[in-house]
Structure formats: structure tokens, C-alpha cells
Amino acid sequence: MLLKKRIPMKYVLGKIKVELSLVLAYTILFEIFHNYFINLPVDIPIAIPTMIGTIISLLLAFKSNQAYDRWWEARIVWGAIVNDSRTLIRQVLTFYKDPDFSVEASEFKENFAKRQIAWCYSLGQALRNRDAITPIEGLISEEELRFVKNHQNIPNAILMLHAKDLRNAKNTKHINMYQQVEIDNTLSRLCDAMGKCERIKNTIFPTTYSMYIRLTLCLFILLLPFGLISVLSWFAIPLITAIAGAFFLIERMAIHLQDPFENRPTDTPVTAISNTIEKNIMQMLNEYQSEFDIIKEFNLSAEPAKVDKNTYYVL
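Analysis parameters
One numbering rule holds for all chains: residues counted from 1, following each sequence as written. Residues qualify for local features only when their pLDDT is at least 70, as the model is predicted, and side-chain atom pairs are given and counted only at 80 or more; totals for whole chains, interfaces and linings, by contrast, use all residues. To obtain the side-chain values, all non-hydrogen atoms of the structure were used and water was disregarded. Only the six-membered ring of Trp is used, alongside the rings of Phe and Tyr, when aromatic pairs are assigned; centres must lie within 6.5 Å, and planes under 30 degrees apart are stacked while those over 60 apart are edge-to-face, with the rest tilted. Comment: elements are numbered from the N terminus, with helices defined as DSSP H or I runs of at least four residues and strands as E runs of at least two. Comment: the charge-over-ring label is applied if NZ (Lys) or CZ (Arg) is within 6 Å of the ring centre and within 35 degrees of the ring normal. Any residue with relative accessible area above 30% and no salt bridge may belong to a patch, with like charges joined within 9 Å and the nonpolar Val, Leu, Ile, Met, Phe, Trp and Tyr side chains within 5 Å. Computed with a 1.4 Å probe, the accessible areas rest on the Shrake-Rupley method; for each residue, only the protein chains presented here act as cover. By definition here, a salt bridge exists when the distance from a side-chain nitrogen of Lys or Arg to a carboxyl oxygen of Asp or Glu is within 4 Å. Residue exposure (1.4 Å probe, protein chains only): buried if accessible area is under 20% of the type maximum, exposed if over 50%, otherwise partly exposed. Multiplying 1.5 Å by the residue count of a helix minus one yields the expected span of that helix. By definition, residues are in contact when any of their heavy atoms lie within 4.5 Å. Helix axes are fitted only over the stretch in contact, all axes being lines through C-alpha atoms; the angle between N-to-C directions runs from 0 to 180 degrees. For classification purposes, angles smaller than 35 degrees are called roughly parallel, those larger than 145 roughly antiparallel, those between 65 and 115 roughly perpendicular, and all remaining angles oblique. For this classification, Asp, Glu, Lys and Arg are treated as charged, while Ala, Val, Leu, Ile, Met, Phe, Trp, Tyr, Cys and Pro are nonpolar and the rest, including Gly, are polar. UniProt positions are given in the numbering used here, feature names are shortened, and annotations may be inferred rather than shown by experiment.

Trainee: Would you explain the packing of aromatic side chains in this entry?
Mentor: The way to describe two aromatic rings as a pair is by their centre distance and the angle between their planes. Under the criterion given, the structure shown has eight aromatic pairs. Centroid distance Phe30 to Phe226: 4.6 Å. Interplanar angle 75 degrees. Geometry classified as edge-to-face. Remark: Phe226 occurs in helix 8 (residues 207-232) and Phe30 occurs in helix 2 (residues 17-37); sequence separation between them is 196 residues. Taken together, Tyr26, Phe30 and Phe226 form an aromatic cluster joined through their ring pairs. The ring of Phe112 has Arg115 sitting right over it, with the charged end atom 5.5 Å from the ring centre.

Below is the structure:
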């Protein structure tokens, strides 16, 4: 999930510590050989590293924009999942006909709501290539749990259970055809959101593009001492290391953003979003249950007393 606190510099530099160590060692060795072992001039015009640095800047800017677009699209999709989850439970609670306030209807709505919560958790875990069964064991029944375990795609199996309950409710006349269509449209939007997340997860950012950027960046760092060493001498070592660190940080940021479901601090906070969905749905369900209990108690108290036909009254 995203870190709201200030990220420590140790964490930031830890991501590029290997690259910084190699650059520092290279520049120190270059200065030693240049001053003590090689008497020939090895200077090159500073314009050459400058042009390469400009090219790298453009490539990194393009890669960062594309990586951020992937991350932001993932966040938009999960925002839609929040809205559609609330809509789905609202439709089930209000469309399902239950004039007798039966326990069966109450259980149907409760199971549907908890199953939707299970869908959110299982989708988040599946996108991170983690166990999608354990977080939902207490949310669905044993029979439903056995059903989803037989499927490779757990979230898709849960949507199938939604559709089966919806069909049964239509067959028992608890919802009409138009209400079934509306709820099914919501399920289709959830399935569409799941497909978008899977597309982002399974579409790999072009590896050749990343490889070309890394090769160009290495060439830039190799040539940079030749243009600065004669001007700055030993002061070029920290300067070159700082410049290389800035480029490596931008590259690493783009790498992290391009995969928003890898369980990193910069990922889309799917678990936190699922927790929010659970709180919202359970609040809706609890309010319905409270209203259900009040109306049922009122109806029971308002029922007229039944008179036994064999009872005789003496005036």
C-alpha cells in the first residue's frame, strides 16, 4: 500500500545502493589511473555526455509517464470496484422481495454481502500472486469454499456463485426480470474491472525498452568522467555519483510504478481498499438487519389475538 509517512532516505538510497557503489568505485579508479598511471590526455568534449544525458532524460520521462499511467489506471479500476460493490449490495438489499421478513431472505442477503467482500479480498490477493483462499474462509460457506477451490481463478468462481444465487432468486419470484438484469449488469462491471486488473498485471512492460535505457545510462556514466575529470579533478567523484544516483532513482521509480500489484510500498493499496469495502457493506447490512428486526417485532406485536372456537363466554 502507499506510504503516507515521510519515506526515509535510507529506504530510498537502499534501492540503488549497488549502482551507487559501482559508480563510486569506477570514478575513484578512473581518477587514480588518470593522475598516477596514465600521462596521456583522455579528455573528451563535455558536449558528448551532455547529448547522451539529454537522450536519457527523454527516455526516462517517457517511461515514467507510461509507468504512472499503469499505476493510475489500476487505482481507477479499484475505485470503480468500490462503487460497484456498494451498488451491488444496495440492489440486493432493496430489490429482493420479502414481505414476510423471513429468515431465509435475511440469510440470502447476508451471504451475498459477505461473498462480495470475499471477492474483493480474493481479487487483491490473486493479483499479488498470493493465497486467495485463506482470507475468505470465514466469509463464505463450506460448500461455496469447496466450489471455488476447484477453480484456478478464485474471484471468477465467486462471481459464478453470485450469478447462481441471482438465478435462483429470479426463479423463486423474489426478484423480477428487470431487477435481475440490473444486478447482472453490476456483476458484469465487476467482471470487467477484474479483467482490467489482470491485463495490467499480465502485460509486461517492454523489456527491450528498459534494457536500452540501462545500456544508454551506463554509457553516459562511463563517458561522464572523461568530460569532468580535467575540470573538477577529485571533486568530480561526488558530482558524478550524485548525477548517476538521480538517473538511477528515476529509473527505479518507473520500474516500481509500472507493476502496481507486486506488494510493494508504492503499489495500489488493494488490501486497504478491500477493508473499506468490507466496512461499507457490513454497515449497510447491519442497518438492514436492524430495520428488519424492528419491523418484524412490530408486526408480531400488532397481530390480533386468535380466539379458540371452543371457548364460551358467559355474559
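Once you've had a look at it, read on.
Trainee: Got a minute to help me understand a nonpolar patch on the surface in this structure?
Mentor: There is a patch of nonpolar side chains on the surface, built from Leu29, Phe33, Tyr36, Phe37 and Trp234 and spanning about 600 Å² of accessible area. Its location among the elements puts Tyr36 in helix 2. For Tyr36, a relative accessible area of 58% gives the class exposed.

Trainee: How should helix 2 be read in this particular structure?
Mentor: The end-to-end C-alpha separation of helix 2 is 29 Å, in line with the 30 Å expected for 21 residues at 1.5 Å each. Contacts made by the buried residues of helix 2 are with helix 1 (9-14), helix 8 and helix 9 (236-257).

Trainee: What exactly am I supposed to notice about the packing of helix 4 (residues 103-127) against helix 7 (residues 177-202) here?
Mentor: Between two packed helices, what matters for the description is the angle formed by their axes and the separation of those axes. The contact between helix 4 and helix 7 brings their axes to 11 Å, and the two run at 10 degrees. Considering their axes alone, helix 4 and helix 7 lie roughly parallel with respect to each other. Contact residues: helix 4 offers Gln116, Trp119, Leu123 and Leu127, while helix 7 offers Leu190, Met194, Cys197, Glu198 and Lys201. Of the residues contributing to the contact of helix 4 with helix 7, the split by class is six nonpolar, one polar and two charged.

Trainee: Whenever I open this one, helix 9 confuses me. Can you help?
Mentor: Residues spaced three or four apart along an α-helix point in a common direction, a consequence of the helix completing one turn every 3.6 residues. Helix length check: helix 9, at 22 residues, gives a terminal C-alpha distance of 32 Å against a target of 32 Å (1.5 Å per residue), a fit within 8%. Where helix 9 is concerned, the buried positions are Ala236, Ile237, Ile240, Thr241, Ala244, Gly245, Phe247, Phe248, Glu251, Ala254, His256 and Leu257. On its buried face, helix 9 is in contact with helix 2, helix 3 (47-95) and helix 8.

Trainee: Whenever I open this one, the UniProt feature "transmembrane region" (unreviewed entry) in the chain confuses me. Can you help?
Mentor: The UniProt entry lists residues 20-38, 44-62, 209-226 and 232-250 under the feature "transmembrane region" (unreviewed entry), expressed in the numbering used here. This span, residues 44-62, is 84% helix and 0% strand, and a straight line between its end C-alpha atoms measures 29 Å. In residues 209-226, helix accounts for 100% and strand for 0%; the two terminal C-alpha atoms are 27 Å from one another.

Trainee: Help me out: how do you make sense of the side chain of Ser85 in this one?
Mentor: In this structure, Ser85 sits in helix 3. Sequence-distant contacts of Ser85, that is, excluding residues within four places in its chain, are made with Gln116, Cys120, Leu190, Ile277 and Ile281.

Trainee: What's the story with unusual backbone geometry in this structure? I'm lost.
Mentor: One non-glycine residue, Asn129, lies in the positive phi region at around 60 degrees. The residue Asn129 is located in the loop between helix 4 and helix 5 (142-149) in this model. Judged by relative accessible area, Asn129 falls into the exposed class, the value being 62%.

Trainee: Explain the pattern of salt bridges to me, please; I cannot follow it from the model alone.
Mentor: Pairs can form between side chains of opposite charge once their charged atoms are near each other. Taken as a whole and assessed by the stated rule, the structure comprises 11 salt bridges. Note that Arg189 is salt-bridged to Asp84, the shortest N-O span being 3.1 Å. Of the two residues, Arg189 sits in helix 7 while Asp84 sits in helix 3, which places them 105 residues apart along the sequence. Asp165 is the partner of Arg115 in a salt bridge, and the nearest nitrogen-oxygen pair spans 2.6 Å. In this pair, Arg115 sits in helix 4 while Asp165 sits in helix 6 (residues 154-171), placing the two residues 50 residues apart along the sequence. Relative accessible area serves as the criterion here: at 1%, Arg115 is assigned to the buried category. Here the salt bridges do not stand alone but share partners, grouping Glu19, Arg214, Glu251 and Arg252 into one network.

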